[in-house]
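Each chain is listed here by its residues.
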Amino acid sequence: MADLERRKGFYGDRERESPVMRAERQWVLLEKLIRRAYEGSAEFKSRLAGIGAKPGDIRSIEDFRRLPVLPKKDLLARQCSGPGLGGMLTTEPGRLGRIYQSPGPIYDPEGRGPDYWGWAEAFFAAGFRQGDVVQNTFSYHLTPAGLMLEEPLRAIGCAVIPAGPGNTEKQIELMTDLPVTGFVGMASYLRVIADKAAEKGLDLWKDFSLECAFVAAERLSESMRSELESDFGMLIRQGYGTADVGCIAYECLELGGMHLTSRGLVEILDPVSREPMSAGEIGEVVFTPFSEEYPLIRFATGDLSFVVDSECPCGRTSPKLGGIQGRVDDTAKVKGQFIYPSQAAEVLERFPAVTAWRLVVDNPGGRDRLRLLVDAREGLDEKALVRGFQEACKLRPLVERVEGLEEGPRLRDEREFD
């Protein structure tokens, strides 16, 4: 059972800044970032030129809000437009720490600074402490999640098992042979581990030592959280971020929303007018990380959320996000991966027997499922279709034949969350 007192506390002074102190610190870092980006990033320089401005013209947060946003859906085209990832880097590629690749494909450069992606304070808020043995089940291959989340754990003082995803039997063996106290991964996969362990006759309280979990990459329902916390006798907290920018917000032990990270500026904007929304109003999450090597200034994530501007019993003073409410465009995140209809279209074009298709995302039993509905003539090789789709989109769909499939959105998200 988790020791709550041991797992309380703060990672640093920034978590208890006054609103005035926070605004002053953020503005100093924004000014520095804007100057560096203007000097080194052709992409950002062109954005400034588009509004007839130079760094000296950006003198306040109101001026900053004049800068055009950078939509996530435009990132692929921009990166492919020239050297240096389309002029988005401010340094030579060889001076970066790592370069990852996410589905799209989109490249995710990592600078050399400590805790570059900013997850350490998130893990600390979730209860991870020095001496924990943590099993990280996120992927370590090409995509950034595995290493992105391992390094802050080690900075806190945890030992990390780089388990990666899948191979559930081995995951259970590691957790029961070693004193694994922390889990990092998707909540749906922790549910799979729990179910498999129960099938093997294991007692989740007696045979496991789990005390805390940090989950991300998919929405966590309160029913799923409650079930898993009860099954293991542990704490489960979630974080929110993207492979492009790292940590954006995270839960503390008190819940009630996700605290905004101290390592960037979070804005909630009207998706159409780009005007700032008031606390409680839903808008698009736009994030500016204070990362100079790859300055994604005013990066529009495509996620919808709102600010909860009330005191938190934990003592952290930053506002919170009230949870992700959906997407502003025609993409969806399934099992930690974004799915783009344009990617699916490229695959389906290789199968002329398919006359109509649609992607449907749902979550029966709380588990994400991707269905590929197809209206097809005889001769469709379904195995080849699934294989090609998985190679291109990193997700394995359930193919369903539907005669007379009507025209409509290429992607429908039918998931229900409590």
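Keep in mind it's a predicted model, so treat the numbers as computed, not measured.

*Asks:* Help me out: how do you make sense of the sheet that holds strand 15 (residues 320-321) in this one?
*Replies:* Through backbone hydrogen bonds, the strands of a sheet pair up, either in parallel or in antiparallel fashion. Spatially, 9 strands are ordered 5-4-6-7-8-9-10-15-14 in an open sheet, and the strand pairing comes out mixed. Bordering the open sheet on either side are strand 5 (159-161) and strand 14 (307-308), each of which pairs with just one other strand. As judged from the 3 bridges shared by strand 4 (residues 133-136) and strand 5, these two strands associate in the parallel manner. Counted as the bridge partner of V134 is V160 from strand 5.

*Asks:* What is the right way to look at the packing of helix 1 (residues 19-40) against helix 2 (residues 42-50) in this model?
*Replies:* Between two packed helices, both the angle of their axes relative to each other and the distance between the axes serve to describe the pair. Where helix 1 meets helix 2, the closest approach of the two axes is 6 Å, and the angle between their N-to-C directions is 105°. In terms of orientation, helix 1 lies roughly perpendicular with respect to helix 2. Contacts between helix 1 and helix 2 pair I34, A37, Y38 and G40 from the former with A42, F44, K45 and L48 from the latter. Each residue belonging to the contact of helix 1 with helix 2 can be placed in one class, and the counts come to 6 nonpolar, 1 polar and 1 charged.

*Asks:* How should I be thinking about the nonpolar core in this particular structure?
*Replies:* One broad trend across soluble globular proteins is that nonpolar side chains are buried collectively. One finds W119, F123, F128 and V184 to be the most contacted residues of the largest nonpolar core, which totals 52 residues. Elements that contribute at least two residues to this core include exactly helix 6 (120-125), helix 7 (145-156), strand 7 (212-215), strand 9 (246-250), strand 10 (258-260), strand 11 (264-269) and strand 12 (283-289). With residues near it in sequence (within four places) discarded, F128 still touches R7, F123, V134, L153, I156, C158, G182, F183, V184, C212, A213 and F214. Counting residues in each nonpolar core, the second largest holds 25 residues, with I339, L380, A384 and L395 among its members.

*Asks:* What is the right way to read the environment of A194 from this model?
*Replies:* Along the chain, A194 turns up in helix 9 (residues 187-199). By relative accessible area, which is 1% here, A194 ends up buried. Among residues more than four places away in sequence, those in contact with A194 are L204, L228 and F232.

*Asks:* I keep staring at the pattern of salt bridges and nothing clicks. Help me out?
*Replies:* Here the structure, examined in full by the defined rule, presents 35 salt bridges. Residue D132 is joined to R7 by a salt bridge in which the shortest nitrogen-to-oxygen separation is 2.8 Å. Here D132, found in the loop between helix 6 and strand 4, pairs with R7, found in the segment before helix 1; they are 125 residues apart in sequence, far enough to count as distant. Side by side, D132 and R7 carry an identical accessibility label, which is buried. Between R154 and E150 there is a salt bridge, with its nearest N and O atoms 3.6 Å apart.

*Asks:* Which parts of the structure should I look at to understand helix 9?
*Replies:* An α-helical turn contains 3.6 residues, so a residue and the one three or four places further along point in the same direction. Over its 13 residues, helix 9 extends 19 Å from the first C-alpha to the last, a length consistent with the 18 Å expected when each residue adds 1.5 Å. Those residues of helix 9 that sit buried are A187, S188, Y189, L190, R191, I193, A194 and A197. Where helix 9 is buried, its residues meet helix 8 (168-177), strand 6 (182-185), strand 7, helix 10 (222-232) and strand 8 (235-242). Just beyond helix 9, the residue with positive phi is G201, at close to 85°.

*Asks:* Please explain helix 11 (residues 341-348) as it appears in this structure.
*Replies:* Within helix 11, burial applies to P341, Q343, A344, V347 and L348. Each buried residue of helix 11 lies within a common arc of 155° when the element is viewed along its axis, so the set occupies one face.

*Asks:* Before we go on, may I ask you to explain the packing of aromatic side chains in this structure?
*Replies:* The description of an aromatic ring pair rests on the distance of the ring centres and on the angle between the ring planes. The final tally for this structure, using the stated rule, is 6 aromatic pairs. Considering the side-chain rings of Y116 and W117, the 5.0 Å spacing of their centres and the 90° angle between planes classify their relative orientation as edge-to-face. Here Y116 falls in the buried class, since its relative accessible area comes to 13%. Note on F123 and F214: the rings are 4.6 Å apart at their centroids and 50° apart in plane angle, and the pair reads as tilted.

*Asks:* I would appreciate a short explanation of unusual backbone geometry in the present structure.
*Replies:* Trans is the prevailing form of peptide bonds, just as negative phi is the prevailing case for residues other than glycine. Look at the link from G104 to P105: it is a cis peptide, with omega at -5°. Within the secondary structure, P105 is located in the loop between strand 2 (98-102) and strand 3 (106-110). Phi at L85 takes a positive value of approximately 55°, unusual for a residue other than glycine. By secondary structure assignment, the location of L85 is in helix 5 (residues 83-87). Its identity is not glycine, yet R274 carries a phi of approximately 65°, on the positive side. As for its position among the elements, R274 is in the loop between strand 11 and strand 12.

*Asks:* Is there a simple way to explain the packing of helix 9 against helix 10 in this structure?
*Replies:* Remark: helix 9 packs on helix 10, axes separated minimally by 11 Å, with the N-to-C direction vectors making an angle of 40°. With respect to each other, helix 9 and helix 10 are oriented oblique. Judged by the twist between their axes, the crossing of helix 9 over helix 10 is left-handed. Where helix 9 approaches helix 10, its residues A187, S188, L190, R191 and A194 are matched on the opposing element by M224, E227, L228, D231 and F232. Among the residues forming the contact of helix 9 with helix 10, the class breakdown is 6 nonpolar, 1 polar and 3 charged.

Cut-offs and rules
Position numbers for residues start from 1 in each chain and track the written sequence from start to end. Predicted model: local features are reported for residues with pLDDT of at least 70 only, side-chain atom pairs are reported and counted for 80 or more only, and whole-chain, interface and lining totals are derived from all residues. The basis for every side-chain value is the complete set of heavy atoms in the structure, and neither hydrogens nor water enter the calculation. By definition, two strands form a pair when at least two bridges between them are found by DSSP. A run of H or I in DSSP counts as a helix once it spans at least four residues, and a run of E counts as a strand once it spans at least two, with each numbered from the N terminus. In this description, a line fitted to the C-alpha atoms serves as the axis of each element, helices being fitted only across the stretch in contact, and the angle between N-to-C directions of two axes falls anywhere from 0 to 180 degrees. Throughout this description, any angle smaller than 35 degrees is read as roughly parallel, any larger than 145 degrees as roughly antiparallel, any in the 65 to 115 degree range as roughly perpendicular, and the remainder as oblique. Only heavy atoms enter the contact rule, under which two residues are in contact if any of them lie within 4.5 Å. Residues are grouped as follows: nonpolar covers Ala, Val, Leu, Ile, Met, Phe, Trp, Tyr, Cys and Pro; charged covers Asp, Glu, Lys and Arg; every other residue, Gly included, is treated as polar. We call a set of buried residues a nonpolar core when its members are Ala, Val, Leu, Ile, Met, Phe, Trp, Tyr or Cys and they connect through side-chain atoms within 4.5 Å of each other. Per-residue accessibility, obtained with a 1.4 Å probe over protein chains only, is compared with the maximum for each type, and a residue is labelled buried under 20%, exposed over 50%, and partly exposed between these values. The salt bridge criterion pairs a side-chain nitrogen of Lys or Arg with a carboxyl oxygen of Asp or Glu, the two atoms within 4 Å. Each residue after the first adds 1.5 Å to the expected span of a helix. In this description, the arc belongs to the directions extending from the helix axis to the C-beta atoms. Centres within 6.5 Å are what make two rings of Phe, Tyr or Trp a pair, Trp counting through its six-membered ring; a difference in plane orientation under 30 degrees is then read as stacked, over 60 as edge-to-face, and the rest as tilted. The sense of a crossing depends on the near helix, which, turned anticlockwise from the far helix by less than a right angle, makes the crossing left-handed and, turned clockwise, makes it right-handed.

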